[in-house]
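# Chains, contacts and geometry: an overview
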Number of protein chains: 2
Amino acid sequence: MGTDLYCHHHSLFADAMTETALLYLQLADKIATAIQQGIIAPGSKLLSVRDCARQRKLSINTVTAAYRLLEDKGLIEARPKSGYFVRTQLPEPTQPLKPSRADERQADTLNAFIEAILSHQDQPDYVDFGLACPKGKAFYPTERLSRLTAGILRKQSDLVAKYALPPGSLTLRQQIAQRLIQLGVSVSADDLILTHGVLDALNLAIRAVTKPGATVIVETPTYFNLYPLLEALGVNWLEITTHPLTGMDLDELEATLQQTPIAAIITIPTVHNPLGFTMSRENKARLAKMANQYQVPVIEDAQHADLQFVNPPEPLLKAYDEGGWVMTSASYTKTLAPDFRIGWIAPGRFHESIRKLKFLTSVAESSLLSEAIAQFLENGGYERHLRNLRRLYSMQINHIRSLIAQYFPAGTRASQPTGGFILWLELPDNINSLELARRALAEHIVCIPGLLYSTSQRYQNCLRLTCCFEMSEKYIQGLKRLGEIACELAN
Amino acid sequence: MGTDLYCHHHSLFADAMTETALLYLQLADKIATAIQQGIIAPGSKLLSVRDCARQRKLSINTVTAAYRLLEDKGLIEARPKSGYFVRTQLPEPTQPLKPSRADERQADTLNAFIEAILSHQDQPDYVDFGLACPKGKAFYPTERLSRLTAGILRKQSDLVAKYALPPGSLTLRQQIAQRLIQLGVSVSADDLILTHGVLDALNLAIRAVTKPGATVIVETPTYFNLYPLLEALGVNWLEITTHPLTGMDLDELEATLQQTPIAAIITIPTVHNPLGFTMSRENKARLAKMANQYQVPVIEDAQHADLQFVNPPEPLLKAYDEGGWVMTSASYTKTLAPDFRIGWIAPGRFHESIRKLKFLTSVAESSLLSEAIAQFLENGGYERHLRNLRRLYSMQINHIRSLIAQYFPAGTRASQPTGGFILWLELPDNINSLELARRALAEHIVCIPGLLYSTSQRYQNCLRLTCCFEMSEKYIQGLKRLGEIACELAN
């Protein structure tokens, strides 16, 4: 779907550049003015390329190029199989609340809710805005990866009979090191350790630098499974105010580092989950500098950094790390194959402890799966695949934002993520999103209430929606229904 | 090699039964008497089947059947490509020392030695008696498993694009549950959780029932990586005297349970690593009863239970567990594919905590790899494969025991394992096996000194040798050289 659309546009656009350069710029300018003056309303459908060309006596290529330019400017958006629409101007979330240190979390209620969500994971009749893992073959190069894997089984079946040891497949580590250059990170294959996805990396990193009773710093809101994970390790946490657009409040962080012994800082500075921001380069540089100055390990989750919408992508926090205090990890579960669960960590100065801990907790990762991913990265299909994914997610997010603007209560705000497929909604203050999510679940619509992303009773009116499903009428109706329930709760 | 030999014998033996029943019994009896009277010396080679048949004017079938009978009686052994040899009567290890509670372990020295061993893991010119993982394709059904895996990739490539969740592949859990019946364990697929090998299961089990500062009971000697694993979790341990032939001293265990709060008992009651014993049914029943009576979780490692030499196999400890206090785990890394690293745990009453902990630490195991193993188990090749492995290991162990009797210092004792491929040697008291292992490593021979298997300075004169390599002149020479170094150290 979106993938083909993109390739198609792209070649048309190249032709248009030479033939109709002036005409398409003039057309784009006219439409842009009409949108800005409100002559064409947000959410309305533009003429089809064919109709517009006929009406204005222009070539198809000219109109296509004009629409494409408007799309790049963020004024209109293509929706698969539907045409072009004027983008909705949905406001982004407000300033964060000041953190409260009160820690009475309705843990049981929330955990029960997480269990309820997970238990519906595999049921195809559910409308799932919950799971942050792309659903469906459209998002993965499954056929190609399967062929590569089968090829390895045929040609190097010895691998299956070998005992893998940390740090894991050299070929894959070399590929990862090479790819990290784009993200500003200069490491060698020897600096990397393969892990069982990012979660394993996160566990290893936390265990390597904390003891039970230690305190770590987390962003708020953050990945909801981080809290039970820390609890299981007996590690305490402090939530640092995190701005929806700029990230962790570094002044507050520095004040905390000066006052309290902190064992580690856990952060998602690039395409944050759930907020969607990417921290500025200046702030990343400052955070890395603070890590070195205060000698506090920083655990950086770079899971969605490959899915940044900007090109070239923003550098990782690790790019600014001079003393090896930043540990960065990511995986291929969200872009290549969720079943393969191969991740990596660049543990900086904590390399030895993490290598040993990996050996003591699960030995190593499968060489077969690692080599398959390495071959996929090496043969050049990955960059093209990522370009398609970024475009698909960006379109899908815009589509869903416009549906939210249409169906959700007035006053609803939604993040404009810098990459990935996660939306963060701020509903009017009087809406309890746990109640909303409960009612939705009863109607087979899954979404995750904001309360889960903090342990200090915040974000009661917030909601996380993932946009990594194959868009269909069922999903559009699901979102509409979710908006209706929200409207009912608002009254 | 050994595998083909076995099949060949087997059919010949069936013919012989009908044709030459009396003659072969007479021949076997004569040879047995000669061996018992010392007329044929331990370690000496018997006439080849062909030569014996010619000399005695018997058919090939008759001689083969006689040799086979002697082999079954443990008097002679077949060595691949070499013929039949009179088995060596090597004494088994003595009574264990009383445990000392002194806990000054030369941790750094030993850890450095482990690192040195691991760093030589992949070097083909090393003679490796260290790694407890079969080396080489002879020990794995690699071709068949690879074909099955490739078939799944072709027919069910959807699996690759799906997010696996605990407890993991239902098909595999069903197969495991069915196989466990043979080992006396009655569980359903729902009672099982898939893990990243046994080590992951062990970590999950320990974490589920301990907090930092807790004390667990371990056998001595035991799996050497257990100590750093417990250290990393901040858990303390007590070593309970473990007899080389009968296992953990249950009176001592009970006295300890009465005196000290114990968070868990960690045990390998079936084919112990490194001692090789299998605890008697009576003792297993008593241990399971104590777990229920004192309400103390028991973590049972059943890794080598599928490789028991007796038929039918002895039941697991879990078979005697009435209250769900026993957690049992094993994997397919040592019998099917070390690279696939799929293990399982039957966590009894700790099911919920382990399921959650698995999700929080590494989500789940690959469905592709799990389904491949499930298909291998289902299609019936596994039992035949295990029969071949047991026979191969049993032969190889006997061969190596006879080489030890030949080349090692007088007074050396060696375990007669009840399954698997691990030998435990007790050298004369004045031999320091760490020094022996160090000198051997310098000559590219890897073996593991006994000191590593305890944290109370015991087993300084002991050595663990694994017998899971493809036998060759290089290995025979390596063992001879190891014996020579031991003799040098003995003087």
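Residues numbered from 1 in each chain as written. Chains lettered and ligands numbered in written order. Predicted model: local features only at pLDDT ≥ 70, side-chain atom pairs only at ≥ 80, totals over all residues. Heavy atoms only, no water.

All names here are of chain A. By domain assignment, chain A separates into domain 1 (2–86), domain 2 (107–139 + 384–490) and domain 3 (142–381). Between domain 2 and domain 3 the total buried area reaches about 2700 Å² when both faces are included, carbon and sulfur atoms providing 59% of it. Sorting the residues of domain 2 by area buried against domain 3 places Arg390, Thr418 and Tyr453 first, and these three jointly supply 21% of that buried surface. Notably, a salt bridge pairs Glu239 with Arg458, separated by 2.5 Å at the nearest N-O pair. In this assembly, domain 2 and domain 3 are joined by 20 residue pairs in polar contact (both at pLDDT 80 or more). Where the side of domain 2 that touches domain 3 is concerned, the elements lending two or more residues are helix 14 (381–407) and strand 13 (422–426). The element contributing the most residues to the side of domain 2 that touches domain 3 is helix 14, with eight residues. Broken down by class, the residue content of the side of domain 2 that touches domain 3 amounts to 18 nonpolar, nine polar and five charged. (Domains from an automatic or database assignment. Buried area = accessible area lost by both parts, 1.4 Å probe. Salt bridge = Lys/Arg side-chain N within 4 Å of Asp/Glu carboxyl O. Polar contact = N/O pair within 3.5 Å; in protein donor to acceptor, adjacent residues only side chain to side chain. Helix = DSSP H or I, 4+ residues; strand = E, 2+ residues; numbered from the N terminus. Nonpolar A, V, L, I, M, F, W, Y, C, P; charged D, E, K, R; others polar.)

This part is about the interface of chain A and chain B. The interface is formed by 53 residues belonging to chain A together with 53 residues belonging to chain B. Summing the contributions of chain A and of chain B, the shared interface buries around 4500 Å²; its carbon and sulfur component is 63%. The largest share of the area that chain A buries against chain B comes from Tyr163, Asp339 and Leu360 of chain A, three residues that together contribute 16% of it. The interface formed by chain A and chain B includes two salt bridges. A salt bridge links Asp158 of chain B to Lys137 of chain A; its shortest N-O distance comes to 3.2 Å. Inspection of the region where chain A meets chain B yields 28 residue pairs in polar contact (both at pLDDT 80 or more). At the level of elements, helix 5 (107–119), helix 6 (142–155), helix 8 (197–209), helix 9 (226–232), helix 12 (351–362) and helix 13 (367–378) of chain A are the ones that each hand at least two residues to the side of chain A that touches chain B. For the side of chain A that touches chain B, the per-class residue count stands at 29 nonpolar, 12 polar and 12 charged. (Contact = heavy atoms within 4.5 Å.)

Attention now moves to helix 16 (residues 473–490) of chain A. All names here are of chain A. Across its 18 residues, helix 16 extends 25 Å between first and last C-alpha, which sits within 8% of the 26 Å expected from 1.5 Å per residue. Every buried residue of helix 16 is accounted for by Tyr475, Ile476, Gly478, Leu479, Leu482, Gly483, Ile485, Ala486 and Leu489. Here the buried face of helix 16 lies against strand 3 (127–128), helix 14, helix 15 (433–442), strand 14 (445–446) and strand 16 (462–466). (Expected span 1.5 Å × (residues − 1). Buried < 20%, exposed > 50% of the residue type's maximum accessible area, 1.4 Å probe, protein only.)

With that out of the way, let us pick up unusual backbone geometry. The bulk of non-glycine residues show a negative phi, and the bulk of peptide bonds are trans. In the segment running from Asn273 of chain A into Pro274 of chain A, the intervening peptide bond is cis, with an omega of 15°. Even without a glycine there, the phi angle at Gln295 of chain B is positive, about 50°. Mapped onto the fold, Gln295 of chain B is located in the loop between helix 11 (281–294) and strand 9 (298–301). Residue classification places Gln295 of chain B among the exposed positions, given a relative accessible area of 54%. Backbone geometry at Gln457 of chain B places phi at a positive 60°, although glycine is not the residue there. In this fold, Gln457 of chain B is placed in the loop between strand 15 (448–449) and strand 16 (462–466).

Residues and elements named next belong to chain A. For the structure on display, the rule yields 28 aromatic pairs over all chains. Ring geometry for Tyr227 and Trp237: centres 5.4 Å apart, planes at 45°, overall tilted. With a gap of 10 residues between them, Tyr227 in helix 9 and Trp237 in strand 6 (residues 236–243) connect regions that are remote in the sequence. For the residue pair Tyr227 and Trp237, the accessibility class agrees, reading buried in each case. With a centroid separation of 5.6 Å and 75° between ring planes, the pair formed by Trp424 and Tyr459 is classed as edge-to-face. One end of the pair, Trp424, is in strand 13; the other, Tyr459, is in the loop between strand 15 (448–449) and strand 16, and 35 residues separate them in sequence. Take Tyr459: its relative accessible area is 8%, and that puts it in the buried class. (Phe/Tyr/Trp six-rings, centres within 6.5 Å; stacked < 30°, edge-to-face > 60°.)

Turning our eyes to something else, we now look at the sheet that holds strand 13 of chain A. One open sheet holds the four strands; their spatial order is 12-13-16-15 (chain A), and the pairing between them is antiparallel. Pairing within the sheet leaves two strands with one partner each, and these edge strands are strand 12 (413–414) and strand 15 of chain A. (Pairing = 2+ DSSP bridges.)

In the superposition of chain A on chain B (RMSD 0.3 Å, axial shift 0.0 Å), the rotation amounts to 179°. Expressed as a symmetry operation, the mapping of one chain copy onto the other fits a two-fold axis. Closest to the rotation axis within chain A is the C-alpha of Ala150 of chain A, separated from it by 2.4 Å. Interface residue correspondence from chain A to chain B reaches 100%, placing this contact among same-surface, isologous pairings. (Least-squares fit on C-alpha atoms with pLDDT ≥ 70 in both.)

A few words on the packing of helix 8 (residues 197–209) of chain B against helix 12 (residues 351–362) of chain B. Residue and element names in this part refer to chain B. Contact geometry of helix 8 with helix 12 gives a least axis separation of 10 Å together with a crossing angle of 120°. The angle between the axes of helix 8 and helix 12 places the two elements in the oblique class. For the element pair helix 8 and helix 12, the recorded crossing hand is right-handed. Here Asp200, Leu204, Ala205, Arg207 and Ala208 of helix 8 lie close against helix 12, whose contacting residues are Ser353, Ile354, Leu357, Lys358, Thr361 and Ser362. (Axes fitted to C-alpha atoms, helices over the stretch in contact; angles between N-to-C directions. Parallel < 35°, antiparallel > 145°, perpendicular 65-115°, else oblique. Left-handed = near helix turned anticlockwise from the far one by under 90°.)

Further remarks concern the pairing of strand 13 (residues 422–426) of chain B. Residue and element names in this part refer to chain B. Counting buried positions over the five residues of strand 13 gives five, a clear majority of the element. Covered by surrounding structure in strand 13 are Ile422, Trp424 and Glu426 together with Leu423 and Leu425, the residues of both alternating faces. Inspection of the sheet shows strand 12 (residues 413–414) paired to strand 13 by two bridges, in the antiparallel sense. Bridging from a neighbouring strand, Ala414 pairs with Leu425 of strand 13. Across five bridges, strand 13 lies against strand 16 in antiparallel orientation. Each residue of the ladder has a partner; that of Ile422, found in strand 16, is Thr466.

Residues and elements named next belong to chain A. Among the structural elements, Ser329 can be located in strand 10 (residues 326–331). For Ser329, a relative accessible area of 4% translates into the label buried. Measuring from C-alpha to C-alpha, the distance between Ser329 and Ala201 comes to 6.5 Å, with 128 residues separating the pair along the chain.

This part covers the pairing of strand 16 of chain A. All names here are of chain A. The buried fraction of strand 16 amounts to five of the five residues, a majority that puts the element mostly inside the structure. The side-chain alternation of strand 16 yields two buried faces, one formed by Cys462, Arg464 and Thr466 and the other by Leu463 and Leu465. Sheet topology places strand 15 next to strand 16; two bridges connect them, and they run antiparallel. Looking at the pairing, Pro449 lines up with Leu463 of strand 16.

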